[in-house]
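Single-letter residue listing:
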Amino acid sequence: MILVLISGRLVSGWGVRIVVFFIERNFLLRKRVLYFVYGLRNAVQNCVWLALVLIAWQCIFDKKVERVTKGKILPYVTKIWVCLLVGTLIWLLKTLLVKVLASSFHVSTFFDRIQESLFNQYVIETLSGPPLVEIQREQEEEERVMVEVEKLQKAGATIPADLKNNMFPKSGRVIATPRKSTVSTGAKSPMFSKVMSKKEEQNGVLSTLDEKIQGSAGEDEAMVQITSENQAKAAAKKIFNNVAKPGSKYIYQEDLMRFMREDEVLKTMRLFEDGSEQKGISKRALKNWVVNAFRERRALALSLNDTKTAVNKLHQMLNVLVGVLIIVIWLLILKVATTHFFIFLSSQLLLVVFMFGNTCKTTFEAIIFLFVMHPFDVGDRVEVDGVQMVVEEMNILTTVFLKFDNHKIYYPNSVLSTKPIHNYYRSPDMGDAIDFCVHISTPIEKIATMKERITKYVDNRSDHWYPAPAIVMRDVEDMNRLKFSVWLSHKMNHQDMGERWARRALLVEEMVKIFRELDIEYRMLPLDVNVRNMPPISSSRLPSNWTASAA
């Protein structure tokens, strides 16, 4: 039995690993399948282990041995094994319940964001390193040196350790490494990087990450952590200089072809604001993309950490309830509990419900709001009761928000579930409007020229705006001014409110410039002023901009 206890755990672990391996090979991109596989494999392993132990117990200690021992000890041991097996089965059902409840957002919400973040990381890593031709040349050189080393070793030569460490060249790719016990996806091979990325996103081990960039050739190989937007901008500059041709202001498709395959190049071009085959990728667009990738990865890491915390808290709450249920079932199996005991237990349970009923109701509503409705994630910009805030922290009972001045606001989740919540991050590309007035006597020709120039500016800024804005005359006010509105759409939502106002400010500045060049202005209606009496002038002082007349 001791051998069964030890080897049964090993055999069940091997069996579970083999099953997980084949599921990975066939369901690598089935996000829900792998999510449940990785979440339930430990509980399944325990169930299989105890089932093997119970079977071995029944086979070893048969009825003959029970008759010899007069049936005093073995039946109780058998019941104990049954209790353990039933307890693990109930624990498995509890884990499955939590996974089903959490999968409504823990998988579906984050899977696409994790894939996008990993691809962005792969792009940064690839474009910061040498071209594919140089990588192949390095690999061939490494293989040739390895062959020579093996020949020398077979001949009896001893190679110093320092020489081994300095024998092979090192690439200068930008990689993302974990802060604490997390996974790095910095692999040299693109295919290997993609496969590892897919596995890592299934494991759900992505947490707070630091982006790192390695110096270019000829510089110190010390790693510089990208922990701020300024460092992300510096990394973008190095990547641009590494990919673009000398003296070029844009990165074109043929430049990317030196680093990636054609399908990856097309997908990469679509990531940038002004990335088209004809226009290329400007240094400004690359800088904005790297900064946004840094922000998104940081927000995603915080979301996964806080989500994991919420799931763990839910686990802890259910652990207590399931533990009580298992104890009750054990008492029934061992026939220790009597009818009077259960009557006493039910009376105590009614007392607990009376005392904590409202708390249980609030907790249940908060769990439904957090795991089923799930209207936001950490880092999302939302609007509640007309106030714009950023989600700072998500817990079971409360959610912490930050206002524009870093003022923290704590909202109970039970209260948030009753309010309409506007989520800017999950919104598609959003629109904007600019209102202005011109004088009613402005010529039609000037108005037409104004519309044409505003439209031309918006069309030229295709990295900021969708083309063809709507410029409409909305109203006549006070019989002396015409009210116009410019309705146009950003190529982003309003999650980054600072970027939204920066783009809008550039458009307003251009509109002011157009108004001045066309001499378009607004004049108030003339007013009749009748002066009936003036006090005598007792001072000879005049305003500074007046000139005294000789009279």
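Sequence order as written defines residue numbering, which begins from 1 separately in each chain. Totals for whole chains, interfaces and linings use all residues, but because this is a predicted model, local features are given only for residues with pLDDT of at least 70 and pairs of side-chain atoms are given and counted only at 80 or more. Side-chain numbers come from the whole structure's heavy atoms, not from hydrogens or water.

1. Let's talk about the overall build of the protein
Strands here mean DSSP runs of E at least two residues long; helices mean DSSP runs of H or I at least four residues long; both are numbered from the N terminus. The helix and strand tally for the protein stands at 16 helices and 13 strands. Method for areas: the Shrake-Rupley scheme with a 1.4 Å probe, in which residue coverage is limited to the protein chains shown. If you sum the accessible surface of the protein, you get close to 33,200 Å²; carbon and sulfur atoms cover 60% of it.

2. Re unusual backbone geometry
One non-glycine residue, aspartate 385, adopts positive backbone phi at about 55 degrees. Following the sequence through the fold, aspartate 385 ends up in the loop between β6 (381-384) and β7 (387-394). A 1.4 Å probe rolled over the protein chains alone gives each residue an accessible area, and that area as a share of the maximum for its type sets the label: buried under 20%, exposed over 50%, partly exposed in between. When its relative accessible area of 48% is taken as the criterion, aspartate 385 is described as partly exposed. Positive phi, close to 60 degrees, is recorded for alanine 468, a residue that is not glycine.

3. Things to note about the sheet that holds strand β13 (residues 481-489)
A strand pair is defined by DSSP finding two or more bridges across the two strands. With respect to topology, 3 strands assemble into an open sheet ordered β11-β13-β12, the strand pairing being antiparallel. A strand with exactly one partner marks an edge of an open sheet, and here the two such strands are β11 (431-439) and β12 (470-477). Across the sheet, the mean angle from the axis of one strand to that of its neighbour is 25 degrees, orientation sign disregarded. Taken together, the 7 bridges between β12 and β13 define a ladder with antiparallel strand orientation. Looking at the pairing, valine 476 lines up with leucine 482 of β13. Contacting β11, β12 and β13, helix α15 (residues 444-460) crosses the sheet at an angle of about 20 degrees to β13. Note on contacts: a residue pair is in contact if any heavy atoms of the two residues lie within 4.5 Å. The axes are straight lines fitted to the C-alpha atoms, using for helices just the contacting stretch, and the angles between their N-to-C directions are given from 0 to 180°. Helix α16 (residues 497-517) rests against β11 and β13 of the sheet, and its axis sits at about 20 degrees to β11.

4. A look at the nonpolar core
The biggest cluster of nonpolar side chains holds 25 residues, and the ones touching the most others in it are Leu127, Val243, Ile251, Leu256, Ile281, Leu286 and Trp289. For this core, the elements supplying multiple residues, two or more each, are α5 (108-127), α9 (229-243), α11 (262-269) and α12 (283-333). Broken down by element, the residue count for this core peaks at 6 residues, all from α12. In contact with isoleucine 251, not counting residues within four places along its chain, are Phe240, Val243, Ala244, Leu256, Gly280, Ile281 and Leu286. Definition of nonpolar core: a set of buried residues of the types Ala, Val, Leu, Ile, Met, Phe, Trp, Tyr and Cys, connected through side-chain atoms within 4.5 Å.

5. Description of the sheet that holds strand β9 (residues 408-412)
Strand order in this open sheet of 5 strands is β9-β8-β7-β6-β10, and the pairing throughout is antiparallel. Both outer strands of the open sheet, β9 and β10 (421-423), are each paired with one neighbouring strand and no more. Averaged over all pairs of adjacent strands, the angle between their axes in this sheet comes to 40 degrees, without regard to strand direction. Taken together, the 3 bridges between β6 and β10 define a ladder with antiparallel strand orientation. Pairing of valine 382 across the sheet is with asparagine 423, part of β10.

6. A closer look at the environment of threonine 418
By the element assignment, threonine 418 lies in the loop between α14 (413-416) and β10. Judged by its relative accessible area of 62%, threonine 418 falls in the exposed class. Sequence spacing of threonine 418 and phenylalanine 369 is 49 residues, and the spatial spacing of their C-alpha atoms is 9.6 Å.

7. Focus on the pattern of salt bridges
Think of a salt bridge as a Lys or Arg side-chain nitrogen and an Asp or Glu carboxyl oxygen that are within 4 Å of each other. Per the stated rule, a full pass over the model turns up 15 salt bridges. Residue aspartate 263 is joined to arginine 261 by a salt bridge in which the shortest nitrogen-to-oxygen separation is 3.5 Å. Of the charged contacts in the structure, one is a salt bridge between lysine 361 and glutamate 365, with a shortest N-O distance of 2.7 Å. Of this pair, lysine 361 and glutamate 365 both sit in helix α13 (residues 339-373), separated by 4 residues, roughly a single helical turn. Using a relative accessible area of 30% as the deciding quantity, one classes glutamate 365 as partly exposed. Residues joined by salt bridges that share partners form a network here, namely Arg261, Asp263 and Glu264.

8. Some words on the pairing of β7
Here β6 pairs with β7 via 4 bridges, running antiparallel. Each bridged residue has a counterpart across the sheet, and for valine 384 the counterpart in β7 is valine 387. Counting the residues between successive antiparallel strands, the hairpin from β6 to β7 contains 2 residues, one of them, aspartate 385, with a positive phi of roughly 55 degrees. Alignment of β7 against strand β8 (residues 398-402), held across 4 bridges, turns out to be antiparallel. Among the inter-strand pairings, valine 391 is bridged to a residue of β8, identified as phenylalanine 401.

9. Describing the confidence of the model for the protein
The pLDDT value expresses, per residue, how confident the predictor is, ranging between 0 and 100. With 73% of its residues at a pLDDT of 70 or more, the protein has an overall mean of 76. With pLDDT under 50 throughout, residues 168-224 is counted as low confidence; its partners more than four residues away or in other chains account for 124 contacts.

10. Brief notes about the packing of α15 against α16
Running from amino to carboxyl end, α15 crosses α16 at an angle of 150 degrees, the nearest separation of the two axes being 10 Å. On the basis of their axis angle, the class for α15 and α16 is roughly antiparallel. Our pair here, α15 against α16, has a crossing hand that is right-handed. Contact residues: α15 offers Met450, Arg453, Ile454, Tyr457 and Val458, while α16 offers Leu506, Leu507, Glu510, Met511, Ile514, Phe515 and Glu517. Any angle between 65 and 115 degrees counts as roughly perpendicular, while under 35 counts as roughly parallel, over 145 as roughly antiparallel, and the rest as oblique. Each crossing is labelled by how the near helix is turned from the far one, with a counterclockwise turn of less than a right angle marking it left-handed and a clockwise turn marking it right-handed.

11. Digging into the packing of aromatic side chains
In summary, the pairing rule links any two rings of Phe, Tyr or Trp, Trp by its six-membered ring, whose centres are within 6.5 Å, and it sorts them by plane angle into stacked for under 30 degrees, edge-to-face for over 60 and tilted for everything else. Counted by the stated rule, this structure contains 8 aromatic pairs. Taking 5.7 Å as the distance between ring centres and 10 degrees as the angle between the ring planes, the aromatic pair formed by phenylalanine 436 and phenylalanine 484 counts as stacked. Residue phenylalanine 436 is located in strand β11, and its partner phenylalanine 484 is located in strand β13; the two are separated by 48 residues in the primary sequence. Among the residues examined, phenylalanine 484 registers a relative accessible area of 0% and is labelled buried. Site record: aromatic cluster; members linked through ring pairs are Phe369, Phe376, Phe401 and Tyr411.

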